[in-house]
Amino acid sequence: MEEGARSCLLQSRSSLEQDIRASYLMDHMISDGVLTGDEEDRIRSKPTRREQAVALLELLLRKDNQAYISFYNALVRESYGDLASLLHNSLPLVSPEAEKSFSDGGTRYVQAVLSEGGVPQRPVVFVSRPALMNRVREKLYRLQKEPGWVTVFGMAGSGKSVLAAEAVRDHALITECFPGGVHWLSIGQLDRSDLLVRIQSLCFRLEQQSQEKDPSSSLHRPPGSLEEAKERLRFLMLRRYPRSLLILDDIWDSSVLKAFDIQCRVLLTTRDRSLADCVSGPKSEVAVESGLEEGQALEILALYVNRKPQRLPEQARSIVRECKGSPLVVSLIGALLREFPDRWAYYLHTLQQKKFKRIRKSSSYDYDALDQAMAASIQVLSEEHRELYIDLTVLEKDVKVPAKVLSVLWDLEPEEVEDVLQDFVNKSLLFRDCHHRPYLYYLHDLQLDFLAEMNRSGLESLHTKVVRQYQQRYSKGPPTSGDEECLYWFRFLTYHMAKANLTQELYSLMFSLDWVRTKAQIMGPAHLINDYLEYSTILDKEVRGHFQEFLSLNGHQLEQRPFPDVVQLALSQPDSSEVYRQALLQAQERATRGGLYLDWVNKSSLKSLSRLVVQPHQGSIYSACFSHDGTKIASCGSSKTLRVFKSTSGEKLLEIQAHDDEVLCCAFSLDDHLLATCSSDRKVKVWNVERGTLMRMFEDEHEEQVNHCQFTNTRRRLLLATCSNDKFMNTKLWNINKPSSQNTMFGHLEPVNHCCFSPDDAYLSTSSSDGTLKLWEVSSANEWKSIDVADMFPEQREQTEVMVKCSTWSAGGRTIICAARNAVFVFDVETAAMLLEIRTSRLSTVQYCHACPSTHVVAIALSNYYTIIRQDMTSYKMADCSGHLSWVHGVQFSPDGSLLLSCSDDQTVRVWETNKVHTSSAVCLKRDSDVLFNNGDITVVAADNRNRLQVPSGTSLATLQGHTRTVLHCQFTPEGHTLITSSEDTTIRVWRWRTGECVVLEGHKEQVRCFSLLTTTPSSETHLLSWSFDGTIKVWDMSSGERLQDLVCHQGAVLACDVSPDGQLFATTSADKTAKVWSSASWECVRLLNGHQDCVRSCRFSWDGRRLATGDDNGEIRLWNVKDGTLLKICSRDNKDAMDSLHGGWVTDLHFSPDNTVLLSTGGYIKWWNVEKGEALQTFYPTGANLKRIHVSPDFSTFVTIDNIGILYILKKVE
């Protein structure tokens, strides 16, 4: 059965199983010869109606095209019209011989009737179009009881005449509807005298046939005028042939058609669908698609050259695609190839070069060459309309445009444009997509090619006209409505400029940050990146690189809604970038009008390794893979979808709702035509990449979630391997052309997490939760070797199980690399000896590893958000790829090894250039830090990843040792000589950091997250307020270390505390979702603030002490009146972001500006808010996320923070 038919059955399966009665349908299918009596008995033996339906469909999926058509016909006959409509568009091809088994269209009676009526015989090379033919016959059946018109219309060479002749080649149709016969008359482009001759000929033929049947009737003299001829024909059709069908082939003119308005039954073929408007009587119409399906067109070519379609050269498929399956072109080229069978490449090149005059062959068709057929259609237009039609030469192939675009081009009112377009559509010179409102219009590729060839010398001026008309209409700025017209200009204005050779204007447009902002907001960043790639040869290389890098690395931000401030994003670009230069100028200009912008002044120390960042799904991404040609990436994850996008720009090519549960893995076949997916829903599916259709589904053999799938690596044989959480039958090999698995590997007694073919497909490796890595012979499915990876962890094996996560083969297949816990092992395949062990941090686990297919390099994905690249035989670390904000689930090299992709729980896929990645030499700082602002100088102190305090002072670093666990917070005293630190070790230390002297404050039972200085009176400068997860607040004398107060504040952990500017109050927030305000004099709670729906993570008093801001783990910020505890404002975005938060994560820190008009907040990113309105003023997106704290200069112009991957940000307000 054809792929399309099978896919349609699979997709419609649930509806069919629910409604059909198999017993009703099987009688028809048995009579058609596609079902045997034994098969019927087996189906009838099922106890319930639904089980019978399921069994029938299972049987049907194993049969051929004839069974599909028989099933479809049975649905129609049994009045399952709604279900038949689901299958209609996928009706497969039927050979003439097969068609005879379903109809008696080849009977002698039919042949005699059609021969007498002058109906052309079936072409020597013929392929049926059952869906179209059925539609024509359906319309003809409506003429059974009364006269009327059926119009079959379509563009030149679409096969209208063959379809009309084939539609009446049906015994039941003729006997039931047209027992008086079928009479064919070819018309074409005629003047009145030629038309009279044609009608005279028809009348003579009818009278002659009548005399043969009734010798008493006599022949009349030929009619002398059109009026007399019309009356003679009326008499013959109504009196002697009262129930006959008149077929008028190739009608061009309404005046010609009026000559046949004689109250009879007429089927007409034409390029102009509006012709029948001029005649009386009931009318119906059938539109003929301009092209054959690919399989149909290939079958025609195969018949011409006497080969099977599968044996045709690759150029055959390219020819069909180039002409969009045009029946005329396929037939002309087929006939030429019959005589010159070695000219496949020549005729393909001729098509591609639009040299239509060379595609010429004498035939029964009115035109021997394609250009003749095309030109004939255009010549019937009025001179004014012909000029307008020529303007359509500027359109791109496969692009649909609204009338408003052509209104700009032609400088006409939209209503006038629609009238013109209607005329083009009626004459089959243009196609209309009626599924959109307003309508969209498009040209067939052949029409466009013909126009381009006809106007080759004037193309540049035509494109220039488009640009000038656009500039005139939108002189004040581009359209921003987001409708189809707006989308067209944003997508194709650059195309028209390039074709018009308007290089300078193209530069100005594409190197404009305003254009980038508007186009990215309306269409997304991928289209912009495509533009820079497409016009790379005519754009300045350096500046193009600036814009392309900006879009590639910020694309995931530009997909967010609300749309981010592009100027602020661009200020994070390198100072040498043209993007940064334009952004700075715009920021400075907007700052004069009250705008708020931040310049990242120390960004020069950071080198990004990513080439592209894409956010293809809403949810974790579990798997991503390159196509074998490296041009596409497929990804899948918790969103249950499969998405394919360009590896260069991230532009979406395909998106499928693939499974009913999380999609755990996806894999391309070697030729990139197929994609396999597997899921927690226990199903394995194989998809056609080009069409996005389901080809095969395996749903019965795996009983638990399917973890991984992979196709074979060579062209020897296409197999698919899958592995699952099943207890025993957990690894299977599938031939996708068969409904059940080909082999099952037995050996693992626990879930198998990963499977991988060797480079030559001789072996399959499997990685299991039973702690072993097994190698299997693919040909026999026998176990070849087993490596006990759990033995590599002798100190841990007794405590917990060792899970082997994945394995990957080296480029030559001599070594195999596997991952377990926090280690990667390299084994010799022949001896199973361990050659190398790579241990990572004890705080992370290896999630995945992949060996480069072209070099001795392995990429390792870690749970601590990093991806590292090492040499697989020396363990030399080549690079740290930092940037992901959560666990990295997968990595894969491109086939040539130049790129590496990684996918993560942070919903992004990142693409890295392997020749540019490197190990970072910068100190990786932890987020706990303090900053000293002193007359414009900035001193930062922060803990590094070895728990050392780093104090940049000139070129040296002061190191203070004493804490036994992670340092959580540090802060300078106002004079800068004392540094205070708190730690997970439950202590606070007060340092004289220049000398290393230290006072230790002990008393908390849990880690001390933070502290604050109490300044109620001049004498209290040495008092310190600290809080802890133990739910308490403690007050200390810093000089002596004495504990002065000990308060139990909340039922949950105390997460934050802030002291009011006058020192009279302090506020606490807690995991119990409340905030409290306390008196520093009485140490009693004076306000309880309820309302947050999650842990309250941060708080801050305004400088005038009148407001208190609190932030929670949901990303919401609340502003309170301190005096009476009332809620003033809620600062929040309208919807949650990609991290399922209102702030990219927890709100961890808050600061008011000195004038109390602006509030600063940190979370996943940094935001500035208007305090009075509760509206966001600006957002800064760091490279990492989960900002813990931000330090603000006294004048609120400089801001310093560190993200979760250790990057330091010094931000200064743009003045």
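Residues numbered from 1 in each chain as written. Predicted model: local features only at pLDDT ≥ 70, side-chain atom pairs only at ≥ 80, totals over all residues. Heavy atoms only, no water.

Student: How would you explain the overall build of the protein chain if you had to name every residue and give the values?
Tutor: Secondary structure assignment for the protein chain yields 32 helices and 65 strands. By principal-axis analysis of the C-alpha atoms, the protein chain measures approximately 135 × 75 × 55 Å. Looking at the protein chain residue by residue over its 1215 residues, the buried ones come to 57%. Considering only residue pairs separated by 6 or more positions, the protein chain has 54% of its internal contacts joining residues 24 or more positions apart. As presented, the protein chain carries roughly 51100 Å² of accessible surface, and 46% of it is formed by carbon and sulfur atoms. Taking the average location of the 135 positive side-chain charges in the protein chain and that of its 155 negative ones, the two points are 2 Å from each other. (Helix = DSSP H or I, 4+ residues; strand = E, 2+ residues; numbered from the N terminus. Buried < 20%, exposed > 50% of the residue type's maximum accessible area, 1.4 Å probe, protein only. Contact = heavy atoms within 4.5 Å. Areas by Shrake-Rupley, 256 points an atom, 1.4 Å probe, with all protein chains shown as cover. Lys, Arg positive; Asp, Glu negative; His and termini not counted. Charge placed at Lys NZ, Arg CZ, Asp CG, Glu CD.)

Student: Can you break down the pattern of salt bridges residue by residue, with the values?
Tutor: All chains considered together, the criterion is met by 52 salt bridges. In this structure, Glu690 and Arg321 form a salt bridge, with 3.3 Å as the shortest nitrogen-oxygen distance. In this pair, Glu690 is assigned in the loop between strand E17 (684-688) and strand E18 (693-698) and Arg321 in helix H17 (residues 314-322), connecting sequence segments 369 residues apart. With relative accessibility at 39%, the residue Arg321 sits in the partly exposed group. For the salt bridge of Glu1116 with Arg1118, the shortest nitrogen-to-oxygen distance reads 2.8 Å. Shared partners join several salt bridges into a network, and the residues in it are Arg13, Glu17, Arg50, Glu58 and Glu699. (Salt bridge = Lys/Arg side-chain N within 4 Å of Asp/Glu carboxyl O.)

Student: How would you explain the UniProt feature "repeat: WD" (unreviewed entry) in the protein chain if you had to name every residue and give the values?
Tutor: In the numbering adopted here, UniProt assigns the feature "repeat: WD" (unreviewed entry) to residues 656-697, 745-786, 881-922, 960-1001, 1001-1046, 1047-1088 and 1089-1130. End C-alpha to end C-alpha, residues 656-697 measures 15 Å, and it is 0% helix and 57% strand. (UniProt positions renumbered as here; feature names shortened; annotations may be inferred.)

Student: Lay out a negative patch on the surface with the relevant residues and their values.
Tutor: A contiguous patch of negative charge, built from Glu384, Asp411, Glu413, Glu415, Glu416, Glu418 and Asp419, is present on the exposed surface. It is helix H23 (residues 414-426) that contributes the most residues to the negative patch, four residues altogether. Tracing the sequence through the fold places Glu416 in helix H23. The class for Glu416 is partly exposed, based on a relative accessible area of 40%. (Patch = residues over 30% accessible without salt bridge, like charges linked within 9 Å, V, L, I, M, F, W, Y side chains within 5 Å.)

Student: Give me the lowdown on the sheet that holds strand E51 (residues 1054-1059), citing residues and values where you can.
Tutor: The strand order across the open sheet formed by four strands is E51-E52-E53-E54, and the pairing between neighbours is antiparallel. Two strands lie at the open edges of the sheet, namely E51 and strand E54 (1085-1089), each paired on one side alone. Direction aside, neighbouring strands of the sheet carry axes that sit 20° apart on average. Bridge count between strand E52 (residues 1065-1070) and strand E53 (residues 1075-1079): five bridges; the pairing is antiparallel. For Leu1065, the partnering residue across the bridge sits in E53 and is Ser1079. (Pairing = 2+ DSSP bridges. Axes fitted to C-alpha atoms, helices over the stretch in contact; angles between N-to-C directions.)

Student: Tell me what's going on with the packing of helix H16 (residues 294-305) against helix H18 (residues 327-339), and back it up with residues and numbers.
Tutor: The N-to-C vectors of H16 and H18 enclose an angle of 25°; their axes lie 8 Å apart at closest approach. Classified by the angle their axes make, H16 and H18 are roughly parallel. In this structure, the crossing between H16 and H18 has a hand that is right-handed. For the pair H16 and H18, the contacting residues are Ala297, Ile300, Leu301, Leu303, Tyr304 and Val305 in the first and Val330, Ser331, Gly334, Ala335, Leu337 and Arg338 in the second. For the contact of H16 with H18, a count of residues per class yields nine nonpolar, two polar and one charged. (Parallel < 35°, antiparallel > 145°, perpendicular 65-115°, else oblique. Left-handed = near helix turned anticlockwise from the far one by under 90°. Nonpolar A, V, L, I, M, F, W, Y, C, P; charged D, E, K, R; others polar.)

Student: How would you sum up the packing of H16 against H17? Please name residues and give values.
Tutor: When two helices pack together, their arrangement is captured by the angle between the axes and the distance separating the axes. Two elements in contact, H16 and H17, have axes whose closest approach is 10 Å; the angle formed by their N-to-C orientations is 120°. Here H16 lies oblique to H17, going by the angle between them. Relative to H17, H16 is oriented so that their crossing is right-handed. Two secondary-structure elements touch here, H16 through Glu294, Ala297, Leu298 and Leu301 and H17 through Ala316, Arg317, Val320 and Arg321. Looking at side-chain class alone, the contact of H16 with H17 contains five nonpolar, no polar and three charged residues.

Student: Go over the sheet that holds strand E64 (residues 1198-1202), please, and point to the residues and values.
Tutor: Sheet architecture is open: four strands sit in the order E9-E65-E64-E63, paired in antiparallel fashion. Across the chains shown, the open sheet's two edge strands, defined by having one partner strand only, are strand E9 (598-600) and strand E63 (1190-1192). Pairs of neighbouring strands in the sheet enclose a mean axial angle of 25°, with direction left out of account. When E9 meets strand E65 (residues 1208-1213), the two strands line up antiparallel, connected through three bridges. Its bridge partner being in E65, Asp599 is matched across the sheet by Lys1212.

Student: Let's hear about the nonpolar core: which residues, and what values?
Tutor: Core analysis: the largest hydrophobic core is formed by 117 residues, its most contacted members being Tyr389, Leu392, Trp410, Leu421, Phe424, Tyr532 and Phe550. The residues touching Trp410, leaving out its near neighbours within four places in the chain, are Leu388, Asp391, Leu392, Val417, Val420, Leu421, Phe424 and Gln469. Among the nonpolar cores identified, the runner-up in size contains 49 residues, and Leu9, Leu56, Leu75 and Leu87 belong to it. (Core = buried A, V, L, I, M, F, W, Y, C linked by side-chain atoms within 4.5 Å.)

Student: Please set out the packing of aromatic side chains residue by residue, giving values where relevant.
Tutor: A full pass over the atoms with the stated rule returns 24 aromatic pairs. Seen in terms of ring centroids, Phe1180 and Tyr1209 are 5.8 Å apart; in terms of plane orientation they differ by 75°. Their pairing is edge-to-face. Pair noted here: Phe1180 is in strand E62 (residues 1175-1180) and Tyr1209 is in strand E65, with a separation of 29 residues, a long-range link. Accessibility classification places Phe1180 together with Tyr1209 in one group, the buried group. Put simply, the rings of Tyr470, Tyr474, Tyr488, Trp489, Phe492 and Tyr495 touch in pairs and so form one group of aromatic residues. Seen from the ring of Trp1169, Lys1167 lies directly overhead, with NZ or CZ sitting 5.4 Å from the centre. (Phe/Tyr/Trp six-rings, centres within 6.5 Å; stacked < 30°, edge-to-face > 60°. Lys NZ or Arg CZ within 6 Å of the ring centre and 35° of its normal.)

Student: Which residues make up the pairing of E17, and what are the values?
Tutor: For E17, the tally of buried residues reaches five of five residues, placing the bulk of the element in the interior. Side chains Val684, Val686 and Asn688 of E17 all project onto a buried face; the interleaved residues Lys685 and Trp687 project onto the opposite face, where all are buried too. Sheet topology note: the strand E16 (residues 674-679)/E17 ladder contains five bridges and is antiparallel. Bridge pairing links Thr677 to Lys685 in E17. Where E16 hands over to E17, the hairpin turn is made up of four residues, of which Arg682 adopts a positive phi near 75°. Pairing analysis gives five bridges linking E17 to E18, with the strands arranged antiparallel. Looking across to E18, one finds that Lys685 is bridged to Met697. The turn joining E17 and E18, which pair antiparallel and follow one another in sequence, is formed by four residues; a positive phi near 75° is taken by Gly692.

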